Amino acid sequence: MEYLMGLIRFPARTISEFLPFPESRTKAFEDDLLSFQKWLGVKECWQTVDPLLLENPDVLVNRKQRLVWCKVPKVASTSFVHGLLRISDGGHLIDNRVHRSHLHMILRRLMPPPRANEDVRHFAAFMVVRHPFQRILSAYRDKFLDRSEREKFRKFKELYGLSIIAKHRNSKQPTEYRDVPTFWEFVQYLISTPVWEYNEHWRPYYLTCTPCHYHYDFILHLETLQDDSEYLVNATGFPELAPSHVHATRSKTVPEILPRKNGRDPEDKEQPEGARFKRQDLKNGMHLAEKDLLFNDSPPKHHQEEEGAAARVSHINTEAKFFSKIRYEQLVELYNIFFLDFKMFGYDLSPYDTYVSD
(Lines give C-alpha, C1' and ligand atoms only; values in the text may rest on other atoms or scores of the structure.)
Protein backbone atom coordinates (compact mmCIF):
# COMPACT_ATOMS: atom_id res chain seq x y z
CA MET A 1 0.00 0.00 0.00
CA GLU A 2 2.86 2.36 0.78
CA TYR A 3 4.19 1.84 -2.73
CA LEU A 4 0.84 2.66 -4.31
CA MET A 5 0.39 5.71 -2.11
CA GLY A 6 3.76 6.95 -3.27
CA LEU A 7 2.81 6.54 -6.88
CA ILE A 8 -0.07 8.98 -6.62
CA ARG A 9 1.80 11.59 -4.60
CA PHE A 10 3.23 13.68 -7.37
CA PRO A 11 3.25 17.41 -8.13
CA ALA A 12 0.27 18.64 -10.13
CA ARG A 13 2.62 20.08 -12.74
CA THR A 14 3.59 16.56 -13.76
CA ILE A 15 0.14 16.05 -15.28
CA SER A 16 0.57 19.09 -17.50
CA GLU A 17 3.98 17.89 -18.66
CA PHE A 18 2.75 14.38 -19.40
CA LEU A 19 -0.58 15.27 -20.99
CA PRO A 20 -0.27 18.09 -23.54
CA PHE A 21 -3.92 19.08 -23.34
CA PRO A 22 -5.69 22.42 -22.77
CA GLU A 23 -5.87 23.62 -19.17
CA SER A 24 -9.55 22.65 -18.85
CA ARG A 25 -8.82 19.04 -19.79
CA THR A 26 -5.76 18.89 -17.55
CA LYS A 27 -7.99 20.03 -14.68
CA ALA A 28 -10.34 17.15 -15.48
CA PHE A 29 -7.46 14.69 -15.18
CA GLU A 30 -6.48 16.19 -11.83
CA ASP A 31 -10.06 15.75 -10.61
CA ASP A 32 -10.01 12.14 -11.78
CA LEU A 33 -6.79 11.45 -9.93
CA LEU A 34 -8.15 13.00 -6.76
CA SER A 35 -11.24 10.82 -7.07
CA PHE A 36 -8.97 7.81 -7.39
CA GLN A 37 -7.18 8.83 -4.21
CA LYS A 38 -10.50 8.95 -2.39
CA TRP A 39 -11.38 5.52 -3.77
CA LEU A 40 -8.16 4.20 -2.22
CA GLY A 41 -8.84 6.01 1.04
CA VAL A 42 -5.60 7.97 0.74
CA LYS A 43 -5.30 11.51 2.03
CA GLU A 44 -4.69 14.08 -0.71
CA CYS A 45 -1.00 14.85 -0.80
CA TRP A 46 0.31 16.60 -3.90
CA GLN A 47 4.03 16.55 -3.21
CA THR A 48 7.20 15.32 -4.78
CA VAL A 49 7.52 11.56 -4.77
CA ASP A 50 10.18 9.94 -2.66
CA PRO A 51 12.91 9.13 -5.21
CA LEU A 52 13.17 5.61 -3.81
CA LEU A 53 9.61 4.91 -4.97
CA LEU A 54 10.60 5.67 -8.56
CA GLU A 55 12.92 2.68 -8.85
CA ASN A 56 11.05 0.58 -11.36
CA PRO A 57 12.32 -2.86 -12.46
CA ASP A 58 10.17 -2.78 -15.60
CA VAL A 59 11.72 0.40 -17.02
CA LEU A 60 14.71 -0.94 -18.98
CA VAL A 61 17.57 1.24 -20.20
CA ASN A 62 20.03 0.76 -23.07
CA ARG A 63 22.63 3.36 -22.17
CA LYS A 64 24.79 2.90 -25.25
CA GLN A 65 21.93 3.51 -27.68
CA ARG A 66 20.08 5.91 -25.35
CA LEU A 67 16.81 3.97 -25.30
CA VAL A 68 14.28 3.42 -22.51
CA TRP A 69 11.50 0.85 -22.78
CA CYS A 70 8.83 -0.03 -20.25
CA LYS A 71 8.25 -3.77 -20.50
CA VAL A 72 4.52 -4.48 -20.29
CA PRO A 73 3.57 -8.18 -20.57
CA LYS A 74 0.79 -9.08 -23.00
CA VAL A 75 1.35 -5.99 -25.15
CA ALA A 76 3.80 -7.08 -27.88
CA SER A 77 6.51 -7.46 -25.25
CA THR A 78 8.18 -10.52 -26.83
CA SER A 79 8.46 -8.77 -30.18
CA PHE A 80 10.17 -5.75 -28.63
CA VAL A 81 12.41 -8.02 -26.55
CA HIS A 82 13.65 -9.48 -29.83
CA GLY A 83 14.25 -6.05 -31.35
CA LEU A 84 16.04 -4.68 -28.30
CA LEU A 85 18.19 -7.80 -28.00
CA ARG A 86 19.39 -7.24 -31.56
CA ILE A 87 20.18 -3.62 -30.73
CA SER A 88 21.95 -4.75 -27.54
CA ASP A 89 24.19 -7.32 -29.30
CA GLY A 90 22.03 -10.23 -28.19
CA GLY A 91 20.58 -11.16 -31.58
CA HIS A 92 22.50 -14.44 -31.70
CA LEU A 93 20.38 -15.68 -28.78
CA ILE A 94 17.24 -15.32 -30.88
CA ASP A 95 18.85 -17.11 -33.81
CA ASN A 96 19.87 -19.94 -31.46
CA ARG A 97 16.21 -20.35 -30.45
CA VAL A 98 16.68 -19.60 -26.76
CA HIS A 99 13.31 -19.97 -25.01
CA ARG A 100 11.15 -16.85 -24.91
CA SER A 101 11.12 -16.60 -21.10
CA HIS A 102 14.92 -16.74 -20.97
CA LEU A 103 15.20 -13.98 -23.58
CA HIS A 104 13.12 -11.72 -21.36
CA MET A 105 15.45 -12.34 -18.40
CA ILE A 106 18.57 -11.81 -20.51
CA LEU A 107 17.29 -8.46 -21.76
CA ARG A 108 16.74 -7.34 -18.16
CA ARG A 109 20.42 -8.00 -17.51
CA LEU A 110 21.51 -6.19 -20.67
CA MET A 111 19.18 -3.23 -19.97
CA PRO A 112 19.07 -2.70 -16.20
CA PRO A 113 16.63 -0.10 -14.81
CA PRO A 114 17.71 3.50 -14.16
CA ARG A 115 20.09 3.88 -11.26
CA ALA A 116 19.36 6.21 -8.38
CA ASN A 117 19.67 9.81 -9.60
CA GLU A 118 20.53 8.65 -13.14
CA ASP A 119 19.41 11.20 -15.75
CA VAL A 120 17.74 9.50 -18.72
CA ARG A 121 15.59 12.45 -19.75
CA HIS A 122 17.32 12.76 -23.12
CA PHE A 123 16.93 9.07 -23.95
CA ALA A 124 14.18 7.95 -26.34
CA ALA A 125 11.59 6.41 -24.00
CA PHE A 126 8.62 4.36 -25.19
CA MET A 127 5.90 2.02 -23.98
CA VAL A 128 3.08 0.08 -25.64
CA VAL A 129 -0.54 -0.15 -24.48
CA ARG A 130 -3.77 -1.87 -25.48
CA HIS A 131 -7.32 -1.83 -24.16
CA PRO A 132 -7.04 -2.84 -20.47
CA PHE A 133 -9.91 -5.33 -20.68
CA GLN A 134 -8.44 -6.95 -23.76
CA ARG A 135 -5.10 -7.31 -22.00
CA ILE A 136 -6.81 -8.91 -18.98
CA LEU A 137 -8.56 -11.45 -21.19
CA SER A 138 -5.36 -12.17 -23.10
CA ALA A 139 -3.47 -12.78 -19.85
CA TYR A 140 -6.24 -15.04 -18.54
CA ARG A 141 -6.34 -17.18 -21.68
CA ASP A 142 -2.56 -17.39 -21.99
CA LYS A 143 -1.80 -18.21 -18.36
CA PHE A 144 -4.79 -20.36 -17.38
CA LEU A 145 -6.30 -21.92 -20.50
CA ASP A 146 -3.28 -22.58 -22.70
CA ARG A 147 -1.93 -26.03 -21.76
CA SER A 148 0.56 -26.23 -24.63
CA GLU A 149 3.44 -25.03 -22.42
CA ARG A 150 3.16 -27.40 -19.50
CA GLU A 151 5.61 -25.66 -17.16
CA LYS A 152 3.93 -22.27 -17.59
CA PHE A 153 0.49 -23.81 -17.13
CA ARG A 154 1.57 -25.62 -13.96
CA LYS A 155 3.22 -22.50 -12.55
CA PHE A 156 0.16 -20.27 -12.86
CA LYS A 157 -2.19 -23.01 -11.76
CA GLU A 158 -0.22 -23.49 -8.53
CA LEU A 159 0.48 -19.79 -7.91
CA TYR A 160 -2.99 -18.47 -8.67
CA GLY A 161 -5.42 -20.88 -10.28
CA LEU A 162 -6.11 -23.31 -7.47
CA SER A 163 -6.48 -20.58 -4.85
CA ILE A 164 -8.83 -18.61 -7.11
CA ILE A 165 -10.99 -21.71 -7.50
CA ALA A 166 -10.98 -22.33 -3.74
CA LYS A 167 -12.04 -18.77 -2.95
CA HIS A 168 -14.45 -17.94 -5.75
CA ARG A 169 -16.01 -21.13 -7.14
CA ASN A 170 -19.60 -21.31 -5.97
CA SER A 171 -21.08 -23.77 -8.45
CA LYS A 172 -20.11 -26.84 -10.42
CA GLN A 173 -18.24 -26.08 -13.64
CA PRO A 174 -17.68 -28.05 -16.87
CA THR A 175 -14.87 -30.62 -16.94
CA GLU A 176 -12.47 -28.34 -18.82
CA TYR A 177 -12.48 -26.01 -15.81
CA ARG A 178 -11.78 -28.71 -13.24
CA ASP A 179 -8.30 -27.31 -12.47
CA VAL A 180 -8.47 -23.79 -13.91
CA PRO A 181 -10.60 -20.79 -12.90
CA THR A 182 -13.39 -19.57 -15.13
CA PHE A 183 -13.16 -16.02 -16.45
CA TRP A 184 -15.87 -14.99 -13.96
CA GLU A 185 -13.75 -16.39 -11.11
CA PHE A 186 -10.65 -14.64 -12.42
CA VAL A 187 -12.50 -11.30 -12.55
CA GLN A 188 -13.72 -11.87 -9.00
CA TYR A 189 -10.13 -12.49 -7.96
CA LEU A 190 -9.03 -9.19 -9.55
CA ILE A 191 -11.85 -7.29 -7.86
CA SER A 192 -11.11 -8.73 -4.41
CA THR A 193 -7.28 -8.53 -4.57
CA PRO A 194 -5.27 -5.38 -3.76
CA VAL A 195 -3.93 -4.05 -7.04
CA TRP A 196 -0.36 -3.84 -5.74
CA GLU A 197 -0.44 -7.65 -5.31
CA TYR A 198 -1.24 -8.29 -8.99
CA ASN A 199 1.03 -10.38 -11.17
CA GLU A 200 2.90 -8.37 -13.81
CA HIS A 201 0.78 -9.88 -16.59
CA TRP A 202 -2.37 -8.11 -15.37
CA ARG A 203 -0.89 -5.27 -13.34
CA PRO A 204 -2.14 -1.83 -14.54
CA TYR A 205 0.06 0.34 -16.73
CA TYR A 206 0.11 3.11 -14.15
CA LEU A 207 1.89 0.78 -11.71
CA THR A 208 4.11 -1.02 -14.21
CA CYS A 209 5.38 2.02 -16.09
CA THR A 210 4.54 4.89 -13.68
CA PRO A 211 3.94 7.30 -16.59
CA CYS A 212 3.20 10.17 -14.23
CA HIS A 213 6.85 10.03 -13.17
CA TYR A 214 8.73 8.94 -16.28
CA HIS A 215 8.33 10.99 -19.44
CA TYR A 216 7.56 8.70 -22.39
CA ASP A 217 8.31 10.23 -25.77
CA PHE A 218 6.45 7.52 -27.67
CA ILE A 219 3.28 5.79 -26.51
CA LEU A 220 2.39 3.09 -29.01
CA HIS A 221 -1.03 1.44 -29.20
CA LEU A 222 -1.41 -2.19 -30.18
CA GLU A 223 -4.46 -1.19 -32.22
CA THR A 224 -2.22 0.84 -34.56
CA LEU A 225 1.08 -0.88 -33.89
CA GLN A 226 2.25 -1.10 -37.47
CA ASP A 227 1.93 2.65 -38.05
CA ASP A 228 3.17 3.53 -34.56
CA SER A 229 6.25 1.32 -34.80
CA GLU A 230 7.12 2.83 -38.19
CA TYR A 231 7.04 6.24 -36.53
CA LEU A 232 9.25 4.95 -33.71
CA VAL A 233 11.74 3.45 -36.17
CA ASN A 234 11.96 6.67 -38.19
CA ALA A 235 12.33 8.82 -35.08
CA THR A 236 15.01 6.71 -33.35
CA GLY A 237 16.83 5.29 -36.35
CA PHE A 238 16.57 1.68 -35.16
CA PRO A 239 14.81 -0.57 -37.72
CA GLU A 240 15.11 -3.43 -35.22
CA LEU A 241 12.22 -1.84 -33.30
CA ALA A 242 9.77 -2.71 -36.09
CA PRO A 243 7.95 -5.76 -34.69
CA SER A 244 8.37 -8.80 -36.91
CA HIS A 245 5.47 -10.42 -35.09
CA VAL A 246 3.39 -10.15 -31.96
CA HIS A 247 3.24 -13.25 -29.78
CA ALA A 248 -0.21 -14.74 -30.25
CA THR A 249 -2.49 -16.27 -27.65
CA ARG A 250 -3.47 -19.69 -28.99
CA SER A 251 -4.94 -18.59 -32.33
CA LYS A 252 -2.93 -17.07 -35.18
CA THR A 253 -4.66 -14.58 -37.42
CA VAL A 254 -3.57 -11.85 -39.79
CA PRO A 255 -6.01 -8.97 -39.25
CA GLU A 256 -6.26 -5.79 -41.18
CA ILE A 257 -4.42 -3.00 -39.39
CA LEU A 258 -7.00 -0.51 -38.13
CA PRO A 259 -6.50 3.18 -38.96
CA ARG A 260 -5.88 5.45 -36.00
CA LYS A 261 -8.35 8.16 -35.05
CA ASN A 262 -5.91 10.98 -34.47
CA GLY A 263 -2.45 11.03 -36.00
CA ARG A 264 0.60 12.69 -34.58
CA ASP A 265 2.00 15.92 -35.91
CA PRO A 266 5.17 14.92 -37.82
CA GLU A 267 6.36 18.51 -37.64
CA ASP A 268 6.49 18.56 -33.83
CA LYS A 269 9.69 20.49 -33.14
CA GLU A 270 9.98 20.09 -29.39
CA GLN A 271 13.22 18.13 -28.98
CA PRO A 272 15.89 18.06 -26.27
CA GLU A 273 19.43 18.96 -27.18
CA GLY A 274 21.42 15.98 -28.42
CA ALA A 275 18.41 13.68 -28.80
CA ARG A 276 17.81 11.63 -31.94
CA PHE A 277 14.05 11.71 -31.81
CA LYS A 278 11.02 14.00 -31.83
CA ARG A 279 8.63 14.37 -28.92
CA GLN A 280 5.23 12.80 -29.41
CA ASP A 281 1.91 13.89 -28.00
CA LEU A 282 -0.20 11.30 -26.24
CA LYS A 283 -2.68 10.08 -28.81
CA ASN A 284 -6.19 8.76 -28.44
CA GLY A 285 -6.78 5.04 -28.50
CA MET A 286 -9.52 2.98 -30.14
CA HIS A 287 -11.75 0.56 -28.33
CA LEU A 288 -11.43 -2.23 -30.91
CA ALA A 289 -8.03 -3.91 -30.82
CA GLU A 290 -6.45 -6.87 -32.53
CA LYS A 291 -4.47 -9.17 -30.29
CA ASP A 292 -2.91 -11.60 -32.75
CA LEU A 293 -0.93 -9.54 -35.27
CA LEU A 294 1.63 -11.19 -37.53
CA PHE A 295 3.40 -8.66 -39.71
CA ASN A 296 5.61 -11.30 -41.30
CA ASP A 297 4.03 -13.88 -43.57
CA SER A 298 1.20 -11.47 -44.39
CA PRO A 299 -1.14 -12.47 -47.25
CA PRO A 300 -1.09 -10.56 -50.56
CA LYS A 301 -2.40 -7.04 -50.16
CA HIS A 302 -5.66 -7.71 -52.04
CA HIS A 303 -6.49 -10.44 -49.50
CA GLN A 304 -5.74 -8.43 -46.38
CA GLU A 305 -9.04 -6.55 -46.19
CA GLU A 306 -11.12 -9.73 -46.48
CA GLU A 307 -9.04 -11.69 -43.96
CA GLY A 308 -8.83 -8.69 -41.65
CA ALA A 309 -12.60 -8.39 -41.48
CA ALA A 310 -12.94 -12.11 -40.73
CA ALA A 311 -10.31 -11.87 -37.99
CA ARG A 312 -12.10 -8.94 -36.37
CA VAL A 313 -15.39 -10.84 -36.33
CA SER A 314 -13.71 -13.87 -34.75
CA HIS A 315 -11.93 -11.67 -32.23
CA ILE A 316 -15.14 -9.85 -31.24
CA ASN A 317 -16.96 -13.15 -30.86
CA THR A 318 -14.23 -14.45 -28.55
CA GLU A 319 -14.34 -11.36 -26.36
CA ALA A 320 -18.13 -11.41 -26.23
CA LYS A 321 -18.10 -15.08 -25.22
CA PHE A 322 -15.92 -14.48 -22.17
CA PHE A 323 -17.32 -11.12 -21.06
CA SER A 324 -20.90 -12.38 -21.34
CA LYS A 325 -20.13 -14.48 -18.26
CA ILE A 326 -19.71 -11.47 -15.97
CA ARG A 327 -22.21 -8.87 -14.75
CA TYR A 328 -22.23 -5.19 -15.54
CA GLU A 329 -21.49 -4.40 -11.88
CA GLN A 330 -18.32 -6.50 -12.09
CA LEU A 331 -17.28 -4.70 -15.26
CA VAL A 332 -17.63 -1.33 -13.51
CA GLU A 333 -15.62 -2.54 -10.53
CA LEU A 334 -12.89 -3.74 -12.89
CA TYR A 335 -13.00 -0.39 -14.68
CA ASN A 336 -12.48 1.42 -11.36
CA ILE A 337 -9.36 -0.63 -10.68
CA PHE A 338 -7.88 0.25 -14.09
CA PHE A 339 -9.36 3.74 -14.02
CA LEU A 340 -6.09 5.60 -14.63
CA ASP A 341 -5.16 3.37 -17.54
CA PHE A 342 -8.48 4.13 -19.23
CA LYS A 343 -8.14 7.86 -18.65
CA MET A 344 -4.50 8.30 -19.60
CA PHE A 345 -4.56 6.24 -22.78
CA GLY A 346 -7.94 7.14 -24.24
CA TYR A 347 -9.98 3.97 -23.68
CA ASP A 348 -13.53 3.48 -22.42
CA LEU A 349 -15.96 0.69 -21.54
CA SER A 350 -17.09 0.21 -25.12
CA PRO A 351 -17.74 -2.36 -26.52
CA TYR A 352 -17.42 -4.51 -23.38
CA ASP A 353 -20.46 -2.96 -21.71
CA THR A 354 -22.53 -4.49 -24.52
CA TYR A 355 -21.16 -7.99 -23.89
CA VAL A 356 -21.84 -8.37 -20.17
CA SER A 357 -25.02 -9.69 -18.56
CA ASP A 358 -27.39 -7.43 -16.63
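Everything below is about the structure printed above this text.
Residues numbered from 1 in each chain as written. Predicted model: local features only at pLDDT ≥ 70, side-chain atom pairs only at ≥ 80, totals over all residues. Heavy atoms only, no water.

(A) View of the environment of Thr-78. Residue position: Thr-78 is located in helix H4 (residues 77–87). Of the residues examined, Thr-78 reaches a relative accessible area of 7% and is grouped as buried. Separated by 26 residues in sequence, Thr-78 and His-104 place their C-alpha atoms 7.5 Å apart. (Helix = DSSP H or I, 4+ residues; strand = E, 2+ residues; numbered from the N terminus. Buried < 20%, exposed > 50% of the residue type's maximum accessible area, 1.4 Å probe, protein only.)

(B) Seen up close, the pairing of strand S3 (residues 124–129). With respect to burial, S3 is a largely interior element, six of its six residues being buried. Neither face of S3 is left uncovered, since the one carrying Ala-124, Phe-126 and Val-128 and the one carrying Ala-125, Met-127 and Val-129 both have all their residues buried. Two elements, strand S2 (residues 67–70) and S3, share three bridges in a ladder whose sense is parallel. In the sheet register, Leu-67 faces S3, and the bridge partner there is Ala-124. (Pairing = 2+ DSSP bridges.)

(C) Expanded view of the state of the cysteines. The tally for this structure, following the rule as stated, stands at one disulfide. Put simply, Cys-70 and Cys-209 are joined by a disulfide, and their sulfur atoms are 1.9 Å apart. Taking the sign of the torsion about the S-S bond as the criterion, the disulfide between Cys-70 and Cys-209, at about -90 degrees, is left-handed. Of the two residues, Cys-70 sits in strand S2 while Cys-209 sits in the loop between helix H10 (205–208) and strand S4 (218–221), which places them 139 residues apart along the sequence. Here Cys-70 and Cys-209 have matching classes, each one buried. (Disulfide = S-S within 2.5 Å.)

(D) Here's a closer look at the pattern of salt bridges. The tally for this structure, following the rule as stated, stands at 16 salt bridges. Between Lys-74 and Asp-142 there is a salt bridge, with the nearest N and O atoms lying 3.3 Å from each other. Of this pair, Lys-74 sits in the loop between S2 and H4 while Asp-142 sits in helix H7 (residues 132–145), and the two are 68 residues apart along the sequence. As far as the burial class goes, Lys-74 and Asp-142 line up, both buried. With a shortest N-O distance of 2.7 Å, Arg-169 and Glu-185 are connected by a salt bridge. Remark: Glu-185 occurs in helix H9 (residues 183–192) and Arg-169 occurs in the loop between helix H8 (150–168) and H9; sequence separation between them is 16 residues. In this structure Arg-169 comes out as partly exposed when scored by relative accessible area, which is 23%. When its relative accessible area of 1% is taken as the criterion, Glu-185 is described as buried. Because the salt bridges share partners, they merge into one network encompassing Lys-74, Asp-142, Lys-143, Asp-146 and Lys-152. (Salt bridge = Lys/Arg side-chain N within 4 Å of Asp/Glu carboxyl O.)

(E) A look at the packing of H4 against helix H6 (residues 100–110). In the contact formed by H4 and H6, the axes pass within 10 Å of each other and the chain directions differ by 50 degrees. By the angle class used here, H4 and H6 are oblique. Helix-helix and strand crossings are classified by hand; for H4 and H6 the assignment is left-handed. Here H4 contributes Ser-77, Thr-78, Val-81, His-82, Leu-84 and Leu-85 to the contact with H6, which in turn contributes Arg-100, Leu-103, His-104, Ile-106, Leu-107 and Leu-110. In terms of residue class, the contact of H4 with H6 is made up of seven nonpolar, four polar and one charged. (Axes fitted to C-alpha atoms, helices over the stretch in contact; angles between N-to-C directions. Parallel < 35°, antiparallel > 145°, perpendicular 65-115°, else oblique. Left-handed = near helix turned anticlockwise from the far one by under 90°. Contact = heavy atoms within 4.5 Å. Nonpolar A, V, L, I, M, F, W, Y, C, P; charged D, E, K, R; others polar.)

(F) A look at the sheet that holds S4. The strand order S1-S2-S3-S4 describes an open sheet built from four strands, whose pairing is mixed. Every interior strand has two partners, whereas the edge strands, strand S1 (59–62) and S4, have only one. Adjacent strand axes in the sheet meet at a mean angle of 20 degrees, parallel and antiparallel pairs treated alike. The strands that H4 touches are S1, S2, S3 and S4; relative to S2, the one it contacts most, it runs at about 160 degrees.

(G) Representation of H7 within the structure. Across its 14 residues, H7 extends 19 Å between first and last C-alpha, which sits within 8% of the 20 Å expected from 1.5 Å per residue. Across the 14 residues of H7, 14 count as buried, placing the element largely inside the fold. (Expected span 1.5 Å × (residues − 1).)

(H) Seen up close, the packing of aromatic side chains. Scanning the entire structure with this criterion turns up 29 aromatic pairs. Pairing Phe-80 with Phe-126 gives two aromatic rings, centres 5.5 Å apart and planes at 55 degrees, and the pair type is tilted. Of the two residues, Phe-80 sits in helix H4 while Phe-126 sits in strand S3, which places them 46 residues apart along the sequence. By relative accessible area, Phe-126 is classed as buried at 1%. Lys-321 extends its terminal NZ or CZ atom over the ring of Phe-322, reaching a point 5.7 Å from the ring centre. (Phe/Tyr/Trp six-rings, centres within 6.5 Å; stacked < 30°, edge-to-face > 60°. Lys NZ or Arg CZ within 6 Å of the ring centre and 35° of its normal.)

(I) Layout of the nonpolar core. Judged by nonpolar contacts, the single largest core of 86 residues is most densely connected at Phe-80, Phe-133, Phe-183, Phe-186, Trp-202 and Phe-323. Among the elements that take part in this core, H7 stands out by supplying seven residues, more than any other. (Core = buried A, V, L, I, M, F, W, Y, C linked by side-chain atoms within 4.5 Å.)

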